Amino acid sequence: MEFQKVLLDLEQSLSEADFQALKFLCVDLLHKDVSSLAGAGDLFSVLMDRDHLSNENRSVLTELFQTCHRQDLIRKHCLPTVQPGQFCISPYRKLLFGLSENITEKDLKSMKFLLNKTLPRKKLQDEMTTLQLLLEMEKEDILNRENLDMLSSMLTSICPCLTKRIDQFKRETGQRPNHLTDPMNIGPVCEETGGKMMSQLDEAAASYQAVSNQHPSCEVLLPPSHFCNEAKPSFEESGTEHAAEHPEFQSALTEDLENMSLQSSTVDNEVQSHQFSFSSFPGSLNLKDNSSPSGASAAEVELPKYDMKGDRRGVCFIINNYNFSRSVKLGNRNGTEYDERALEAVFSWLKFDVEIRNDCTQQEMLSLLTGLSQRDHSAADCLVCCVLSHGKEGSVYGVDGHEVRLAQLTDPFSGHGCRSLREKPKLFFIQACQGNKEQQMVTIQPDGPIARSTSVDAEVPDQQSSAPSIPAGADFLLGMATIQEYASFRDKKEGTWFIQSLCEKLQSLVPLGVDLLSILTEVNNDVSRKAAGAKKQMPQPVYSLRKRVVFPIPSNPAPHSLKHKTV
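Below or above, wherever it landed, is the structure these notes cover.

Cut-offs and rules
Just so you know, the residues in each chain are numbered from 1, in the order the chain's sequence is written. Only residues with pLDDT of 70 or above have their local features reported here, since the model is predicted, and side-chain atom pairs are shown and tallied only from 80 upward, although totals for entire chains, interfaces and linings are computed over all residues. To get the side-chain values, all heavy atoms of the structure are used, and hydrogens and water are removed first. Labels follow the DSSP assignment, with helices taken as runs of H or I lasting at least four residues and strands as runs of E lasting at least two, numbered in each case from the N terminus. Accessible area is worked out with a 1.4 Å probe on protein chains only. A residue is then buried under 20% of its type maximum, exposed over 50%, and partly exposed in between. Definition of nonpolar core: a set of buried residues of the types Ala, Val, Leu, Ile, Met, Phe, Trp, Tyr and Cys, connected through side-chain atoms within 4.5 Å. Residue contacts are defined here by distance: any two heavy atoms, one from each residue, within 4.5 Å place the two residues in contact. To obtain each axis, a line is fitted to C-alpha atoms, and for helices this fit is confined to the stretch in contact; angles are then taken between N-to-C directions over 0 to 180 degrees. Working rule for angles: under 35 degrees goes down as roughly parallel, over 145 as roughly antiparallel, 65 to 115 as roughly perpendicular, anything else as oblique. If you view the pair so one helix is near and one far, a crossing is left-handed when the near helix is turned anticlockwise from the far one by less than a right angle, and right-handed when it is turned clockwise. Just so you know the grouping, Ala, Val, Leu, Ile, Met, Phe, Trp, Tyr, Cys and Pro go in nonpolar, Asp, Glu, Lys and Arg go in charged, and all remaining residues, Gly too, go in polar. A pair of strands is labelled paired if DSSP reports no fewer than 2 bridges between them.

Some details on unusual backbone geometry
Moving on, step 1. Residues other than glycine seldom take positive phi values, yet D51 does so here, at roughly 65°.
Moving on, step 2. When you line up the elements, D51 lands in the loop between α4 (40–49) and α5 (59–67).
Moving on, step 3. A relative accessible area of 66% places D51 in the exposed class.
Moving on, step 4. A positive phi angle is found at E423, which is not glycine, with a value near 65°.
Moving on, step 5. Within the secondary structure layout, E423 lies in the loop between α17 (406–410) and β7 (426–431).

Points about the nonpolar core
Moving on, step 1. Counting 61 residues, the largest nonpolar core has F44, L47, L61, F65, L96 and L151 as its most contacted members.
Moving on, step 2. Non-local contacts of L47, meaning those with residues more than four positions away in its chain, are made with C26, L29, L30, H52, L53 and L64.
Moving on, step 3. In terms of nonpolar packing, the next biggest core, distinct from the first, is built from 40 residues, C382, L427, L502 and C503 among them.

With respect to the packing of helix α8 (residues 105–114) against helix α10 (residues 149–158)
Moving on, step 1. With their axes 10 Å apart at the nearest point, α8 and α10 run at an angle of 130° to one another. Accordingly, the angle class assigned to the pair α8 and α10 is oblique. The handedness of the crossing between α8 and α10 is right-handed. Residues D107, S110, M111 and L114 of α8 pack against L151, M154 and I158 of α10.
Moving on, step 2. A per-class count over the contact of α8 with α10 returns five nonpolar, one polar and one charged.

A word on the sheet that holds strand β2 (residues 352–358)
Moving on, step 1. The six strands are arranged β2-β1-β3-β7-β9-β12 in an open sheet whose pairing can be described as mixed. Bordering the open sheet on either side are β2 and β12 (540–543), each of which pairs with just one other strand. Between one strand axis and the next, the sheet turns through 15° on average, direction left out of account.
Moving on, step 2. In terms of strand pairing, β7 meets strand β9 (residues 476–480) through five bridges, oriented parallel. Paired with K426 across the bridge in β9 is F476.
Moving on, step 3. Running at roughly 180° to strand β1 (residues 314–320), helix α16 (residues 362–373) makes contact with β1, β2 and β3 (383–388) of the sheet.
Moving on, step 4. Contacts from helix α19 (residues 516–528) reach β7, β9 and β12 within the one sheet, and its direction differs from that of β12 by about 155°.

Purely geometric numbers; function is a separate question.
And the structure:
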């Protein structure tokens, strides 16, 4: 009876999306059409009938909820750890589910368009989900464990970064990887395979071209550059003549950040990278899969990354200094509340335990960070610390006007000071001026001290101040809002350029598996294009990281809006 109560509670805790995911993952396990199952209770009953689930054997539930990112249910009901050799869900089914989680609604529309001559149009309705589409492809026998070519070809046209997962699966299962990293190669490959379904992809592409030419205002389901070489006019906001050469990025730039999806680029002569490489013009992202000189694939030479396997990432500690009324030379930091909200939303979404402290003096900042370093972080994957304040070169200010050197922020977390964070990334983001550049805007002011005259200046550094530097120890990152000797800017109605860009890029690029240093490179690119009159800003990350920092993809949707909206 107790076991039945557990199953009932699990059923009531699952959303419709969770139930559909569980059904999909159990297709191979049950060897039956799961469409007739009306609820999670029915699914659990079938699993018990097939001897996959019982009071003594609950590991299948653990595996299902781990795959569906419902760790909360595993913890709540104390479900057992899945031991090696006890896995029930096939790697093929997990592959398809993982791909579906990274296919956006726009990508799904494009997939339906490419399949409109392969699957009955009645089945390609708007309400069809990605999982349902994959099941229909399996029913038509154009998708199975041994035949992933058609799916790979479609994804090459829509979201090429996902094809790496398929190639990795093929290598692990002894199949020959399908190196379709350039969507322009679909035609020749289709001719070589000679497959009927592949030729239909060509027909769909040609049909798409005809529709685009006849109805230029209709919704674009696929990047036009996949089928033609015409360039669209560049956005005025981009401010670059190169943007017109890459129309696939224009559509991405017009999307809301939370719906941003990576499109492929056929740019040549870019700096090669085995991971995501950011091209040299603003607003663009190059995901070309470059091979190493030795001929090894990108996956085979992938750089190591820090473990991120815990239920929670760790602590995100935010010090937000706004009220500087106790300081003679420093003004209040209007607009910083928007940075605090954005950081809290994004890092909570990334499964950090966010703690916020407001208006801290010099001694309070030092005491808080020392206390944080003395905690037990053994269960954490990493640490994030954000400091929002006024500053000068090599230092930030407490609200009492006394400075705290950057080294004093990071030293407590060195290998000797905080043993539970050894070999784990310690990530510091500092929003503060680091120099004395004058600013004259009305609604934008530097995050530096205010002089007694009518001009607004950051304080000139004295002889004892030091330039931004990484702490003595490994696994640190110091993300500075600006390079040394320069001011950083804060919009009173939206927050600082650096923090707002950081949060937006984390929100849009973490779901795509982009590592943190690449995200910060895109933040640099974004902030560098902003201007306050003739004033500019250039962020600067410095680090002693030994591996890549890749945050796990959150199961929950990204925050809807990070910026404050004004009427």
